[in-house]
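# Results of the structural survey
The primary structure of each chain is shown beneath.
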Amino acid sequence: MQSIKTTIGLKMNSKEDISEYFRIEGFSSPRFLKNPEGPGTVIIAAFPVRIPVEKAPKGLRIAPFAAANHYGEAVLRMKRISGVLREKTGMSKSDIRLFCNSTLEEKRFAALSGLGFTGRNSLVITREWGSRVILAGMIIPFETETDSPLENGSKAGALCGSCRRCMAACPTGAIESSGVVNRDKCLQSLTTDSRRIPEWIMEKWGNRLYGCTICQDVCPFNKNVVSPEPDGIAGDLGMTLSFEEVLVPDDPVLKKSLKGTALGMSWITAENLKRNAMISASFCRNRIEAESLIPLVEPYTGHPVISYAAIWSLKRLRKTAGQQESPLLPPVYRQ
Ligand code: SF4
Ligand code: SF4
């Protein structure tokens, strides 16, 4: 078995030292895994998501993992760890591959390394902090001492016992069997997806702007978890945005306002956020508020892609506002 110390031949750097660097940066204790996809060692850890204790203010709800830029923050912190490792071992920048929310099979790595196990909801439930975490890590170019997985940890639901709470609580029935989440039904996936949202799913939408965490909120492994509160996370949006903040600006202006936040990621389009906001608006049950939302939604009835959501939302809003149905003439999309 080679260690970083013997391989590189420079200053000390044991597995325990590396673990300590991760903990100092606010990660869980990392786990070490022989890279299943190539040479070297995968080091993977959990970064805790900040869970708000207070009630969310009114508005468009952002799931906690996206309310602040946890992904950006985790990468920033891993870059610092990588810098220390390079300094101590002589590795070059290109020797270390960082990953977080990447195309690598991060969830598989987490289960194989024993960082956690795969829950029935398909998410990794970590030993230290449950599933309200993001996964992050790095691949280093040599082998080191590795960790063992939990028995049956990769088999979705095997360590959930008789619990089926996530399946029962999912508003769209997206968890079709252990570990099988139908992305066509999953609100988490659909909030970022450009495909047309079926009406029966729009009816289950609620006040979401981005994300869904119901299958985590009900999970007993997330109860009474005390994870450190990561401080100083960049891109803090808070728990909600207002309808005006999302629906009034032109698309480029909206994206610019979200730069540096989790909603500023390239694959989250202004168009999708606006569609989500309009579906959410239709859940308003207050006449006065509905009246004030109608002019925000109306301009999108002529939108080339998301007019279906505007028309559907407007119908419901008008009903709440006690207004007569009126023909949507002419299309008035303004961008
Ligand atoms: S994220 Fe929401 S919609 Fe998706 S499986 Fe979980 S509870 Fe269901
Ligand atoms: S809610 Fe229950 S079944 Fe679902 S992941 Fe958590 S422990 Fe497993």
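Below or above, wherever it landed, is the structure these notes cover. Computed from a prediction, not measured in an experiment: that's the story for all the values here.

### Regarding the overall build of the protein chain
Along the backbone of the protein chain there are 14 helices and eleven strands. Referenced to the eigenvectors of the C-alpha coordinate spread, the extents of the protein chain come out at roughly 75 × 45 × 35 Å. In the protein chain, buried positions account for 41% of the 335 residues. Across the protein chain, the fraction of contacts at a sequence separation of at least 24, relative to all contacts at a separation of at least 6, is 72%.

### Details of the nonpolar core
Soluble, globular proteins show a tendency: their nonpolar side chains are buried together. By size, the foremost hydrophobic cluster in this structure holds 88 residues, and its most contacted members are Ile44, Val246, Ala277 and Val297. When residues of this core are assigned to domains, at least three fall in each of domain 1 (4-50 + 69-140) and domain 2 (242-335). Other than its neighbours up to four places away in sequence, valine 297 contacts Met278, Ala281, Ala310, Ser313, Leu314 and Leu317.

### Brief notes about the site of ligand 2
With respect to spatial proximity, 13 residues lie near ligand 2, and among them Gly119, Cys160, Cys163, Cys166 and Cys219 are the closest. The residue inventory of the shell around ligand 2, partitioned by class, reads seven nonpolar, three polar and three charged.

### Describing the sheet that holds strand β4 (residues 97-100)
Spatial ordering of the open sheet is given by β1-β2-β7-β4, a layout of four strands whose pairing is antiparallel. The open sheet terminates on both sides in strands that have one partner only, identified here as β1 (31-34) and β4. Averaged over all pairs of adjacent strands, the angle between strand axes in this sheet comes to 25 degrees, irrespective of strand direction. When β4 meets strand β7 (residues 133-140), the two strands line up antiparallel, connected through four bridges. Each residue of the ladder has a partner; that of phenylalanine 99, found in β7, is glycine 137.

Definitions and cut-offs
Residues numbered from 1 in each chain as written. Chains lettered and ligands numbered in written order. Predicted model: local features only at pLDDT ≥ 70, side-chain atom pairs only at ≥ 80, totals over all residues. Helix = DSSP H or I, 4+ residues; strand = E, 2+ residues; numbered from the N terminus. Buried ≥ 20, exposed ≤ 12 C-beta atoms within 10 Å, placed from the backbone. Contact = placed C-beta atoms within 7 Å. Core = buried A, V, L, I, M, F, W, Y, C linked by C-beta atoms within 7 Å. Domains from an automatic or database assignment. Near = placed C-beta within 6 Å. Nonpolar A, V, L, I, M, F, W, Y, C, P; charged D, E, K, R; others polar. Pairing = 2+ DSSP bridges. Axes fitted to C-alpha atoms, helices over the stretch in contact; angles between N-to-C directions.

Just distances and angles here, no functional claims.
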